[in-house]
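Residue-level structure breakdown
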Amino acid sequence: MDLRIDRPTPARVYDYFLGGKDNYASDRQAAEQITQALGNGAAEGARENRLFLRRVVAWLARAGIDQFIDIGAGLPTQDNTHQVAQRFNPDARVVYVDNDRCNSGCVHGLDDVAHANEQVSALS
Ligand SMILES: C[S@@+](CC[C@H](N)C(=O)[O-])C[C@H]1O[C@@H](n2cnc3c(N)ncnc32)[C@H](O)[C@@H]1O
């Protein structure tokens, strides 16, 4: 996949809202335009969404679920699905799916996470 940094992508705009580093000027400009149009609710929504993801994965892992498919995973950030699930069950397996895996030009993309953890796969 060609890395286009002159056009914003949803994954990188979301990363910016979460305070991540895998975003470019075009993503930050788009995020600022969204904020101007919608107010701070956009960034707050991203953070709340991420907290929900952590809560629900923790709840499922505690309930004994050990296989997860995370569709529209976004770029790796803190407390990714596999990290939360494996905190409760080190054998939990996770498949990440996103049409923007950011395989080049990102500090780390979903493929890097998959390479570092044999129970994790990344697809697009
Ligand atoms: C809001 S962001 C990530 C949200 C993340 N799951 C979370 O809870 O923090 C939505 C993600 O969906 C991805 N996405 C959008 N359309 C998609 C599609 N058709 N197939 C796969 N991924 C898609 C975007 O690239 C983006 O990374």
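Refer to the structure above for everything that follows.
All values derive from a computational prediction rather than experimental measurement. (Residues numbered from 1 in each chain as written. Predicted model: local features only at pLDDT ≥ 70, side-chain atom pairs only at ≥ 80, totals over all residues.)

1. Looking at the sheet that holds strand β2 (residues 93–97)
Hydrogen bonds along the backbone pair up the strands of a sheet, which may run parallel or antiparallel. Spatial strand order, β1-β2-β3: three strands in an open sheet with parallel pairing. Of all the strands in the sheet, just β1 (67–71) and β3 (120–123) have a single pairing partner and so form its edges. Sheet twist, expressed as the mean angle between neighbouring strand axes with direction ignored, is 15 degrees. Pairing geometry for β1 and β2, over five bridges, is parallel. Note that in β2 the partner of Q67 across the bridge is R93. (Pairing = 2+ DSSP bridges. Helix = DSSP H or I, 4+ residues; strand = E, 2+ residues; numbered from the N terminus. Axes fitted to C-alpha atoms, helices over the stretch in contact; angles between N-to-C directions.)

2. Thoughts on the packing of helix α1 (residues 10–17) against helix α2 (residues 25–38)
Two elements in contact, α1 and α2, have axes separated by 9 Å at closest approach and are oriented at 70 degrees. For the element pair α1 / α2, the angle class is roughly perpendicular. α2 is crossed by α1, and the crossing has right-handed handedness. Seen from α1, the contacting residues are R12, V13, Y16 and F17; seen from α2, they are D27, R28, A30 and A31. Residue composition of the contact of α1 with α2, grouped by class: five nonpolar, no polar and three charged. (Parallel < 35°, antiparallel > 145°, perpendicular 65-115°, else oblique. Left-handed = near helix turned anticlockwise from the far one by under 90°. Contact = placed C-beta atoms within 7 Å. Nonpolar A, V, L, I, M, F, W, Y, C, P; charged D, E, K, R; others polar.)

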